[in-house]
Structure formats: structure tokens, C-alpha cells
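# Architecture and fold: a report
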Amino acid sequence: MIDVVLVPLIVIGLVLNGLRLRARVPPALRCAPGVSDDVNFTWITSQDTSLDDETRRAAVSFARSENLDLVDVVPADLPITAARDLLRAVDPRTLRSGRLAPGGSAGAVVLADTALLKRAEVSEPSQPAPADVIALARQIRPAASRGAAIVTAPRLPAVPENLAQRRSRLAASGNLAWLHLGLEMVPYALTVIALAEGWQLGLAAAVVYCLQPYLIFAGTAMHPRGLPAAALLRAVHAPYVWVLTSMGRWKSAAQAEYDAKLAEAADYYPKALAGGTGRFFEERRNDCPWCGSGALTVRMRSPDIVMHKPGTFTLQQCGDCGHVFQNPRLTPEGLSFYYRDAYDGLGAAGAETLFNRDDEPYRARARMPEPFVTPKSWLDVGTGYGHFCATAREVWPDTVFDGLDQGAGVEEAERRGWISTGHRGMFPDLAAELAGRYDVISMHHYLEHTREPFAELDAAARALPDGGCLLIELPDPQWRLARFFGRYWMPWFQPQHQHLMPIGNLTNALAQRGLRTVAIERGRAHIPCDAVAAVLLAAWRIAPLAWPWSPPRPRAERAVRGLIWVVAVPAAVVARALDRSLVAGLARRWDHGNAYRVLARKEGLPDGD
Ligand SMILES: [Zn+2]
């Protein structure tokens, strides 16, 4: 009976996924007369790839005519496994259109504007392996201000497949290799189950499984080497690839660098934790930091839900004003311990993936001041790697965007050209120096991370000129579904979030500083990610990575971890659909979501105040 349900599901899944990948095959590069070299461009070629003159001419001419500063050139006969991995990693349309889109590459040949390489401050690797070329292409993509594209070169010969390097290639493309392999095994396992249930229908599923590679590539610009064997003998070819991939121990330059960071972390964390976590916490306070009331209750206790570093954190809620805050709060030393490797170091790549979401929320934020001010200059406080500014510049092409942050991300943002000037430091310390320079100051998901939100608001009131606007977006602790998701409601985000304020508290505090609220967005500020984040955080809690601060885990447990993710990923897909339909619908209907935006204009305080 199972096969009657299972087989149609397998067939539909394989066909839809096949068509999705087929639509991603990079278009063929057309022959073009012209020069094969141009001083404005630099070729980055993986070792053993021999670049022919015709491909050179065509690529240079394409980059010039399309005004691109980055072109990835894919050999048409790229081996089948590498070809499928490429299509899973890169969508040519999003690569072309969005600067936030993660870059990607086949790892063979990259044509890059020489000025771009300089701006991104990368040095050309000598004799790079495909994984190194992929890592480089992804690293420079954010700085490609004119645009990037990926094309198939009919005459460029691919180097033979080397499955021992595949794990490195997957990692360089931003994948978790074990998760990637786990997902590849799902249709195989389902087809085997269908065959065991009934051979007639099972055979139909197996035939579609074997023909799927042809559905992806037949009649396209790519003619992957090894396609017939990978398709017709897929039942044995697929496990063969999995085994060789898992056994591969080869490491790219980027992985060697990551290993060095790991070794450093393995040295640091045991020392930092030797005396326990007690010294990372201040004394518990008995009054609300917002209104001074003593009516405090525990809203929730939570471990470190993202990094899984040791320690338990308590969020308390004020019975009078509703303010939610970490109590006892972390000392500055504690904050730097828990932030370490979250957005830089070991966590840099993960943080980048997290921020590279949909750019629509960034656009909505950027448009909010439109009716009130036409900014010549805009300062984004807590800018991170500058993702908001990269998008906001498209909304406001004549505005100068600067960023401020404590972390090194602000320097990377400047290198990418996503901000004009990066200020590194604490906003309250820099406010006097920045006074009067910006028509708009924005703080998106920033105040909740700070120890002293009042000091940040004072700094904004000081730095803005009269008539200037302050734009703030924050998670909303009054969101009705927050309780439903418990500690896995992303915005509780312990231990990073220090304060979560109801909107009325914020607008009152702004008014006291001469900042009059002129616009509020609630339902529209909702970020549809509650359910998917809860599923992923819960799975992440059960099956975490082995971090340098976590106890060693036996091999068997690591295998189980892979299986948990094979279940969690489809669950996350369902959760994502619920977020975008049901939960987003409720937020719209209630005009109240998991975040809110406030725009306030500096009008000064009435006389005598
Ligand atoms: Zn209070």
C-alpha cells in the first residue's frame, strides 16, 4: 500500500527538482571576435585547466558588452558530479541580479575585473585547486559592483573528476558536506523502500530516478562527462560517489585556514572556561532597568541556543512596563566570550549565510523615511557586514551610506563598497564626532544587543540634526506567538539579546529625548521565519557540530546527528511554508508581528524641559 502513495511523491519530487536544476544550467558563451586579453581583467584558472584562445576572446567580449566585473566560465564537459553540485549551489539569475546573492563557481576559470580583486584585497593564489577558485569567486562576489554572471564555454575542457576533493568543493560552495550527502541519499532511500513494497511501481520510481540526470542536462549547454554511467547505472554510481566523497581527506587553502582557527580556539576555550562561567555574569538586579519597578518575574531560562557554549541565561519581565531583559546580565568580558566566533572567526561563513536572505525586508526599511526626509547621508548603526546598506543604496542611489559597528565586519563592508565609510567603535563614544553629519540614523536589530539602550538613544538624539530621522527596528516581545515557540523563538536569542522592549516603552523613551514618533509599522515589519528558525534551532540543539568548547562526541553519535538533519531539513521546508502562509497571514490580519519599526523625527524638546 505504501508504494501507491510513495511512488507518485518520488516521481513528482524528482521531476520538479530536475526541472529546477535544468533551469539553472548556465547559458552558452557565444564566440566573439576581439581580443583574448584585456589589461582591465585578470584570469584565475585552476591548475591543469588549459584556457583556449577562443574562450578567452568570448569571455572578455561578454564581460565588456554586458558590463560585468566577474564572469565564471564553466567547462561544458564538467564531470557529472561537479556539474550537479554546481547547479545546486548557483542560480545564474540570482547571481546576476542581486549583490546579496552568494557567489558561486565551477572552480575552473574566473574572469575578474582587476580593480575588483584589488578592492576585495585578495591575492591571486598560485596553482589553485578547484575548491580554491570557488572560495575566491565567492569571496569577491560581494564587491562586484557592476555585476556577475556564470556561462558555459563549449570549448573549454574540464579537468577529470577528483572525488577526493569533493568535500572541499562542497565546503567552498557554502555547503555542509554531510548535510549535502544526506539529502542526496533521500530519493535513493525512498526508491529502495518503494521497490521493497512492490516491484512494479517501485521499478517506475527507479526508472525516473535513473533518468533524472538526463532531464537536467539533455539538450542544454552542458554535456557533463560521465552522464550515461551516472544516469543508467545510478543505483551503483551514487553510492560509489558517496563513499569516495566521505573518504576524501584533501583540504583546500580556506579549510587549512579554518583548521588553524579551530586549533587556536581549541587552545583558548578550555583556558577561558577553566574557572567556570560565574565571572561572566554581573550581580542579579532587583529592579527594572527601564522603569525602576521591582515587580519582576522570570519570563524564561535558556541555554546558549546558537553557539551551545556553556551557561544558563535568564530573561526577566517587568510587571509594570513589560520590559524583558537578561538578568543577571553578562559582563563585558562575558559578552565578548559569548560573541567570540559568532559573527567572525569560526562563525564568519555561517553569519554571512544568515544575512544573505531575501533583500525585501531591507528595502521596506529603507523606504520607511520616504514621506518625511530625502536623506543626503545615512548612518547605519550596528551595520555588521553592511547588507542593509548594499540594498538601501538601490532605493536611495544619491544617498551616501556609512556604517558603524564594533566588529571587523564594518571594514569588510567598506572593502565591498557596500558602505562609503565605516566607523568602528561604540556609538555613544563616537556620537559627538558624528553630530550633524547624517540626515537619517538607522538601528536594525541593534538596540536589543546593547547593554545600555538609553545611552544609544541619547547618542542618536545628540548625533541627529534638527529634522533628522531615527529609524529603529526591533523584535517585538509582545508578539502573540512568542510563547508558543518557547525558548526556540529566535528573538529571545540568548545570550546575545540583553533587552527586548515593548513598542510603547521605546516611543516614550524617544519622546523624552525630543524624538517624535512619526510612523510605526507592525504587521509589515513581521519577518516570516519563526517556525523555520524554531525547527532548525531545536535540531541544532539535538545534533550540534563539535565545537572546540563542546565535549568530545563518540563516532556513533555523529552518525545519528546526520540522520536527525535528514529529518529536520524537510521539516524546516514545511515550517518555512507555514511561516510564509499561516503565520505571515496572522501578522497581517492582526497588524502585529514578531518585529516592529519606529521612525522618529528630531524636533527638540519643548521649552523649559
Ligand atoms: Zn519596567
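Summarised in this report is the structure supplied together with it. (Residues numbered from 1 in each chain as written. Predicted model: local features only at pLDDT ≥ 70, side-chain atom pairs only at ≥ 80, totals over all residues. Heavy atoms only, no water.)

## Side note on the pattern of salt bridges
Rules: Salt bridges are defined as contacts in which a side-chain nitrogen from Lys or Arg sits within 4 Å of a carboxyl oxygen from Asp or Glu. Helical segments are the DSSP runs of H or I of at least four residues, strand segments are the runs of E of at least two, and each set is numbered from the N terminus. Think of it in three bands: residues with accessible area under 20% of the maximum for their type are buried, residues over 50% are exposed, and the middle band is partly exposed, with areas taken using a 1.4 Å probe on protein chains only.
This model, assessed by the stated rule, comprises 36 salt bridges. Close ionic contact of R363 with E394 constitutes a salt bridge, the shortest N to O distance being 2.9 Å. Here R363, found in helix α15 (residues 360-367), pairs with E394, found in helix α16 (residues 387-395); they are 31 residues apart in sequence, far enough to count as distant. Exposure remark for R363: the relative accessible area of 17% places this residue in the buried category. For E394, a relative accessible area of 44% puts it in the partly exposed group. Taken together, the shared-partner salt bridges connect D85, R88, E161, R166, R169 and E184 into one network.

## Details of the packing of aromatic side chains
Threshold: A pair of Phe, Tyr and Trp rings is counted when the ring centres sit within 6.5 Å of each other, with Trp represented by its six-membered ring. The angle between the planes then sorts it: under 30 degrees is stacked, over 60 is edge-to-face, the rest tilted. Either the NZ atom of lysine or the CZ atom of arginine qualifies as a charge over a ring when it sits within 6 Å of the ring centre and within 35 degrees of the ring normal.
Throughout the structure, instances matching the rule amount to 18 aromatic pairs. Seen from their ring centres, F484 and F485 are 5.0 Å apart, and the 80 degrees between their planes marks the pair as edge-to-face. Measuring from ring centre to ring centre gives 6.3 Å for W540 and W547, while their planes differ by 90 degrees; the resulting arrangement is edge-to-face. For the pair W540 and W547, a shared accessibility class is recorded, and that class is buried. Sitting over the ring of F337, K309 keeps its end group 5.2 Å from the ring centre. The lysine or arginine in question, K309, covers the ring of W549, its NZ or CZ lying 4.9 Å from the ring centre.

## Some remarks on the coordination of the zinc ion
Defined as follows: Here the term donor refers to an N, O or S atom within 2.8 Å of the metal (or 3.2 Å for Na, K and Ca), and because water is left out of the atoms, sites may appear incomplete. In short, tetrahedral needs four donors with all angles between 85 and 135 degrees, square planar needs four and octahedral six donors with opposite donors over 155 degrees apart and all other angles between 65 and 115, and whatever is left is irregular.
Only C288 (SG), C291 (SG), C318 (SG) and C321 (SG) from the protein reach the zinc ion as donors, at distances of 2.2 to 2.3 Å. With four donor atoms in place around the zinc ion and angles of 105 to 114 degrees between them, the coordination shape is tetrahedral. Donor residues for the zinc ion, ordered by position in the chain, follow C-x2-C-x26-C-x2-C. Here C291 is found in the loop between α12 (253-273) and β5 (296-303), whereas its partner C321 is found in the loop between β6 (312-318) and β7 (324-326), with 30 residues between them in sequence.

## What to know about the sheet that holds strand β8 (residues 377-381)
Two pairing modes exist for strands in a sheet, parallel and antiparallel, and in both the strands are linked by backbone hydrogen bonds. Rules: Two strands qualify as a pair provided that DSSP identifies no fewer than 2 bridges between them. To get an axis, fit a line to the C-alpha atoms, keeping to the stretch in contact for a helix; angles then go from 0 to 180 degrees between the N-to-C directions. Whether two residues touch is decided by their heavy atoms; if any such pair falls within 4.5 Å, the residues are in contact.
Reading across from one edge, β10-β9-β8-β11-β12-β15-β14 is the order of the seven strands in this open sheet, with mixed pairing throughout. Two strands in the sheet have a free side with no partner beyond their single neighbour: β10 (422-424) and β14 (515-521). Averaged over all adjacent pairs, the angle separating strand axes in this sheet is 20 degrees, with direction ignored. By the bridge criterion, five bridges tie β8 to strand β9 (residues 400-405) in an arrangement that is parallel. Following the sheet pairing, V381 is matched in β9 by L404. This element, α15, spans β8, β11 (440-444), β12 (469-475) and β15 (595-602) of the sheet and lies at about 25 degrees to β15.

## Side note on the nonpolar core
Cut-off, in case you're wondering: Throughout this description, the term nonpolar core refers to a set of buried Ala, Val, Leu, Ile, Met, Phe, Trp, Tyr and Cys residues connected via side-chain atoms within 4.5 Å.
Counting 36 residues, the largest nonpolar core has F427 and L470 as the members making the most contacts within it. Taken together, the elements giving at least two residues each to this core come down to β8, α18 (427-434), β11, α19 (453-463), β12, α21 (503-511) and β15. Here this core takes five residues from α19, the largest share from any one element. Core analysis: the next-biggest nonpolar cluster, separate from the first, contains 34 residues, L78, L95, A137 and F217 among them.

## Some thoughts on the sheet that holds strand β2 (residues 70-75)
With mixed pairing, the four strands of this open sheet are ordered in space as β1-β3-β2-β4. A single partner strand is all that each edge strand has here, and the edge strands are β1 (41-45) and β4 (148-153). Taking the axes of each pair of neighbouring strands and ignoring which way they run, one obtains an average angle of 20 degrees across the sheet. Examined bridge by bridge, β1 and strand β3 (residues 109-113) share five bridges and lie antiparallel to one another.

## So, the packing of helix α22 (residues 530-542) against helix α23 (residues 555-590)
Stated formally: Working definition: roughly parallel below 35 degrees, roughly antiparallel above 145 degrees, roughly perpendicular at 65 to 115 degrees, and oblique for all remaining angles. Crossings are assigned a handedness: left-handed for a near helix turned anticlockwise from the far helix by less than a right angle, right-handed for a clockwise turn. Under the scheme applied, nonpolar residues are Ala, Val, Leu, Ile, Met, Phe, Trp, Tyr, Cys and Pro; charged residues are Asp, Glu, Lys and Arg; polar residues are all the others, including Gly.
Between α22 and α23, the shortest axis-to-axis distance is 7 Å and the interhelical angle comes to 165 degrees. Taken together, the axes of α22 and α23 lie roughly antiparallel to each other. α23 is crossed by α22, and the crossing has right-handed handedness. Here D530, A531, V532, V535, L536, A539, W540 and I542 of α22 come into contact with α23, specifically with I564, W565, A568, A571, A572, A575, R576 and D579. In terms of residue class, the contact of α22 with α23 is made up of 13 nonpolar, no polar and three charged.

## Concerning the pairing of β2
In terms of residue burial, β2 counts as a mostly covered element, since six of its six residues are buried. The two faces of β2 match: L70, D72 and V74 on one face and V71, V73 and P75 on the other face are all buried. When β2 meets β3, the two strands line up antiparallel, connected through four bridges. By the bridge assignment, D72 is partnered in β3 with V110. Here β2 pairs with β4 via six bridges, running parallel. Residue pairing for β4: V74 is matched across the bridge by T152.

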